[in-house]
Amino acid sequence: MKRFFFFISLLITVSVAAQKNTYDVLLFGKKIGTTVVERTDKGNGEIIYTLVNSTEVNILFTHKTSSLNFSVIYKNGQLFSSYCKNVKDDVAEIATVLWDGTKYVIKKGEEVFQINQPLDFSAIVLYFVEPVGKTKIFSERLGQFCNFVKLSNGEYQNKLDNGVTNTYRYHNGVLLELEMSKGASVLMKLVQ
């Protein structure tokens, strides 16, 4: 009987400690890839977020590929470090963020810059927490803040400098869809 309760306790602990969401990536209603996002609570004030995305599509006579890998660590509610590798058609961009105790050192390609304020909410968290009351969110991939606007209940939008508009749609605090549009729309839809 003790083993049974130990096993049940272990299952509850594991289910609380890790959360994984899988999204189909769709273009014109056709699946072109998958995004898997995971949040793991290490139980010592440390939360690790990972994101793995891979897409592949033929448009007219062109074959396009894209992959995105995130590894983000929060310690005691604050962004501690992040690594983001974005590869489009074999061209890689890497962005890193590291808290040195007084400031963030951000490296994006050859650029190095700093942010002097602690961050408690960034883009990776959007996959697990609705940004209620947030008007600016830090993007680990871009190394900068992005403005957010609430469109309606559970719907938020931001427009990036490159012309892409991202629309996040939540239901009961869960991200169901992320629509990225610039001409054509790519839709990430939660697999349920």
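Scroll up for the structure.
This text gives an overview of the structure that appears in the document.

Cut-offs used in this document
Residues numbered from 1 in each chain as written. Predicted model: local features only at pLDDT ≥ 70, side-chain atom pairs only at ≥ 80, totals over all residues. Heavy atoms only, no water. Helix = DSSP H or I, 4+ residues; strand = E, 2+ residues; numbered from the N terminus. Buried < 20%, exposed > 50% of the residue type's maximum accessible area, 1.4 Å probe, protein only. Contact = heavy atoms within 4.5 Å. Lys, Arg positive; Asp, Glu negative; His and termini not counted. Charge placed at Lys NZ, Arg CZ, Asp CG, Glu CD. Polar contact = N/O pair within 3.5 Å; in protein donor to acceptor, adjacent residues only side chain to side chain. Core = buried A, V, L, I, M, F, W, Y, C linked by side-chain atoms within 4.5 Å.

1. A look at the overall build of the chain
- Broken down by element type, the chain carries one helix and 15 strands.
- Expressed as a percentage of its 192 residues, the buried residues of the chain come to 36%.
- Sequence-distant contacts, at least 24 apart, represent 30% of the contacts inside the chain between residues at least 6 apart.
- The average position of the 22 basic charges and that of the 18 acidic charges among the side chains of the chain differ by 4 Å.

2. A closer look at the side chain of N53
- Along the chain, the position of N53 falls in strand β3 (residues 46-59).
- A distance of 2.6 Å separates polar atoms of two side chains, one belonging to N53 and the other to T35.
- Setting aside chain neighbours within four positions, we find N53 in contact with V25, T34, T35, S66, S67 and L68.

3. With respect to the nonpolar core
- Residues Y49, L79, Y104, I124 and Y127 are the most contacted members of the largest nonpolar core, which totals 37 residues.
- If we ignore the near neighbours within four places in the chain, the residues touching L79 are V72, I73, Y74, V97, W99, Y104, L119 and F138.

The values are spatial; any link to function lies outside them.
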